[in-house]
Amino acid sequence: MDVSEKIHEQLKKSGVTLAASLPDDWVAPLIDRIAADNTMRHVRVAREAEAVAICSGAFFGGVRSVALMGATGLLTCTGELATLNLRHQIPVFLIVSQRGSIDDHRIYQEVQGRRTIPLLQAYDFPYHIVNKPDEIPTIPDAYETCRLQKRPFVLFLTRKLVKGDAA
Amino acid sequence: MRAREAIEAVTNRRGDAVAVCALGMAANEWWAVTKDEHAFYMHGAMGFAASFALGLALSLPKASIWLINADGSLCMNLGCLLTEASQAPKNLKHFVIDNQVYQTVGGLPMVNQGRTDYAAIARGAGIAKARAIERLDELEKAMPGIAAEDGPSFTLLRVEAETGFLRTPPMTYEGPEMKYRFGRALEKKFGVTVFGPQGY
């Protein structure tokens, strides 16, 4: 079972039946896996804040959902996370690539690497970093924490997790 | 037609529909006319009432969801039309109150004022049932058909801008209170579980 299959399995275990996504290359395999699952409604969006608001609407339909995106996409929707989800205390569970880490040598990701977590801390959005495959089973607890804290919760996937040691 | 007249004509035909209202004029007017708690009134995230309504429609396929959008909000998230078209929810109707100005902040003109054909944009995105309505008698005549047809549909309501600030007050519930009122109303109406046994 590869990493995407394991994450997908844990999302199902968490009761997730709707996913809204806009890919970056690290989360793309997980998105493909979810898109192939006909028990999970998959919504492709044109901007990441759409995914945030779709998941927020789904909350009121009693549906558990996940928003999938890259770190750059997360930065684009902080206004909506603040004025919709913080404003109304609506939980939204986000799975995001942790770009700009010390092993991610892409110049256009370096700001994301330096400033994303301080930004989440400024907003008081909780987050959890999954770095190894044996940490993937923490997802249901992370999901419940998101619900309990009634706010955006970011589950970061590291490069080591999605690309492995050899990549 | 005036914005209030358009809203009244739409509310008169809403039946059991659950509304999602864009912040500002759309939300304030819907609340003033209906005082309806089966409606979510956006306080922020301008542009994303549309996406919220889509998520709700996909989650409650047996419910009729009416999105009450506005031209300023639509322009903040035109991509919502592509997403609506791709998901094609039969239970979602998208209305846009188009007054060509940012009414709530004093009537300042919209970008590209008077030159944008939003119904054509919706059709171009793939929503075949898209139309613009300019007169009240035309809207009243069309509403039974709009209410009865399958979604997704897009109905632009061209209304006159009010002079200066439109002072219809917003609904009076604070953010978390509205969340719980709306969620509890949907639990009761549709038998879904929004909140768990500990209330969160």
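Let me sum up the structure you'll find in this document. (Residues numbered from 1 in each chain as written. Chains lettered and ligands numbered in written order. Predicted model: local features only at pLDDT ≥ 70, side-chain atom pairs only at ≥ 80, totals over all residues. Heavy atoms only, no water.)

This part takes up the interface of chain A and chain B. The partner chain B presents 34 residues to the 31 residues of chain A that form the contact. Summing both partners gives a buried area of about 2600 Å² for chain A against chain B, and 62% of it is carried by carbon and sulfur. Counting across the chain A and chain B interface gives 1 salt bridge. Counting the contacts that link chain A with chain B gives 10 residue pairs in polar contact (both at pLDDT 80 or more). In terms of residue count, helix α3 (residues 48–60) of chain A provides more of the side of chain A that touches chain B than any other element does, 9 residues in total. The class makeup of the residues in the side of chain A that touches chain B is 14 nonpolar, 8 polar and 9 charged. (Contact = heavy atoms within 4.5 Å. Buried area = accessible area lost by both parts, 1.4 Å probe. Salt bridge = Lys/Arg side-chain N within 4 Å of Asp/Glu carboxyl O. Polar contact = N/O pair within 3.5 Å; in protein donor to acceptor, adjacent residues only side chain to side chain. Helix = DSSP H or I, 4+ residues; strand = E, 2+ residues; numbered from the N terminus. Nonpolar A, V, L, I, M, F, W, Y, C, P; charged D, E, K, R; others polar.)

Attention now moves to the pairing of strand β5 (residues 127–130) of chain A. Residues and elements named next belong to chain A. Pairing between β5 and strand β6 (residues 152–157): 4 bridges, direction parallel. Bridging from a neighbouring strand, Y127 pairs with V154 of β6. With helix α7 (residues 139–149) bridging β5 and the parallel β6, this β-α-β connection has right-handed handedness. (Pairing = 2+ DSSP bridges. Right-handed = clockwise from strand over helix to strand, strands pointing away.)

The description of two helices packed together rests on the angle between their axes and the distance between the axes. Residues and elements named next belong to chain B. Running from amino to carboxyl end, helix α1 (residues 3–11) crosses helix α7 (residues 136–148) at an angle of 15 degrees, the nearest separation of the two axes being 9 Å. Regarding the angle of α1 to α7, the classification is roughly parallel. Here the hand of the crossing between α1 and α7 comes out right-handed. Residues E5, A6, A9 and V10 of α1 form the contact with α7, whose participating residues are L136, L139, E140 and M143. Taken together, the residues that form the contact of α1 with α7 break down as 6 nonpolar, no polar and 2 charged. (Axes fitted to C-alpha atoms, helices over the stretch in contact; angles between N-to-C directions. Parallel < 35°, antiparallel > 145°, perpendicular 65-115°, else oblique. Left-handed = near helix turned anticlockwise from the far one by under 90°.)

Next up on the list: the layout of surface pockets. All names here are of chain B. Space inside the largest pocket adds up to approximately 210 Å³. Forming the boundary of the largest pocket are 15 residues, of which L23, M46, Y102, Q103 and T104 lie nearest the centre. At the level of elements, α2 (25–34), α4 (71–76) and β5 (101–102) are the ones that each hand at least two residues to the lining of the largest pocket. (1 Å grid on protein atoms, 1.4 Å probe; cavity = no way out; pocket = protein on both sides within 12 Å on 5 of 7 lines; lining within 4 Å. Points joined across faces, edges and corners; volume = space filled by probe spheres on them.)

Looking now at the nonpolar core. Counting residues in hydrophobic clusters, the biggest one holds 97 residues, and the most contacted among them are A:L94, B:I68 and B:F154. Take this core: its biggest share by element is 9 residues, from α3(A). Counting residues in each nonpolar core, the second largest holds 24 residues, with A:V16, A:L30, A:I31 and A:A142 among its members. (Core = buried A, V, L, I, M, F, W, Y, C linked by side-chain atoms within 4.5 Å. Buried < 20%, exposed > 50% of the residue type's maximum accessible area, 1.4 Å probe, protein only.)

Next up on the list: unusual backbone geometry. The amide bond that connects B:G151 to the next residue, B:P152, takes the cis arrangement and shows omega of -5 degrees. Its place among the elements puts B:P152 in the loop between α7 and β8 (153–158). The phi dihedral of A:Q89 falls on the positive side, at around 60 degrees, and the residue is not glycine. Even without being glycine, B:Q100 reaches a positive phi, approximately 70 degrees. On the secondary structure map, B:Q100 appears in the loop between β4 (92–98) and β5. For B:Q100, a relative accessible area of 12% translates into the label buried.

Looking now at the pattern of salt bridges. Per the stated rule, a full pass over the model turns up 19 salt bridges over all chains. For the salt bridge of A:D25 with A:R99, the shortest nitrogen-to-oxygen distance reads 2.9 Å. Here A:D25 is found in the loop between β1 (16–21) and α2 (28–35), whereas its partner A:R99 is found in the loop between β4 (92–97) and α6 (110–123), with 74 residues between them in sequence. In this structure A:R99 comes out as buried when scored by relative accessible area, which is 5%. Between B:R4 and B:E29 there is a salt bridge, and its shortest N-O distance comes to 2.6 Å. Separated by 25 residues along the polypeptide, B:R4 in helix α1 and B:E29 in helix α2 bring together distant segments of the chain. Accessibility expressed as a relative area gives 3% for B:E29, which makes it buried. Linked by salt bridges that have partners in common, A:D24, A:D25, A:R99 and A:D104 make up one network.

This part takes up empty space enclosed by the protein. In this structure the tally under the stated criterion is 2 cavities of 30 Å³ or more. Quantified by volume, the largest cavity comes out at close to 70 Å³. If you trace the largest cavity, you find it lined by A:C55, A:F59, A:V63, A:R64, A:S65, A:P91, A:V92, A:F93, A:Y143, A:C146 and A:R147. Where the lining of the largest cavity is concerned, the elements lending two or more residues are α3, β3 (64–69), β4 and α7 of chain A. Looking at side-chain class alone, the lining of the largest cavity contains 8 nonpolar, 1 polar and 2 charged residues. Considering only enclosed or pocket space, the second largest cavity measures out at about 30 Å³ in volume. Among the elements that make up the lining of the second largest cavity, the one with the highest residue count is helix α8 (residues 175–190) of chain B (3 residues). Each residue belonging to the lining of the second largest cavity can be placed in one class, and the counts come to 7 nonpolar, no polar and 3 charged.

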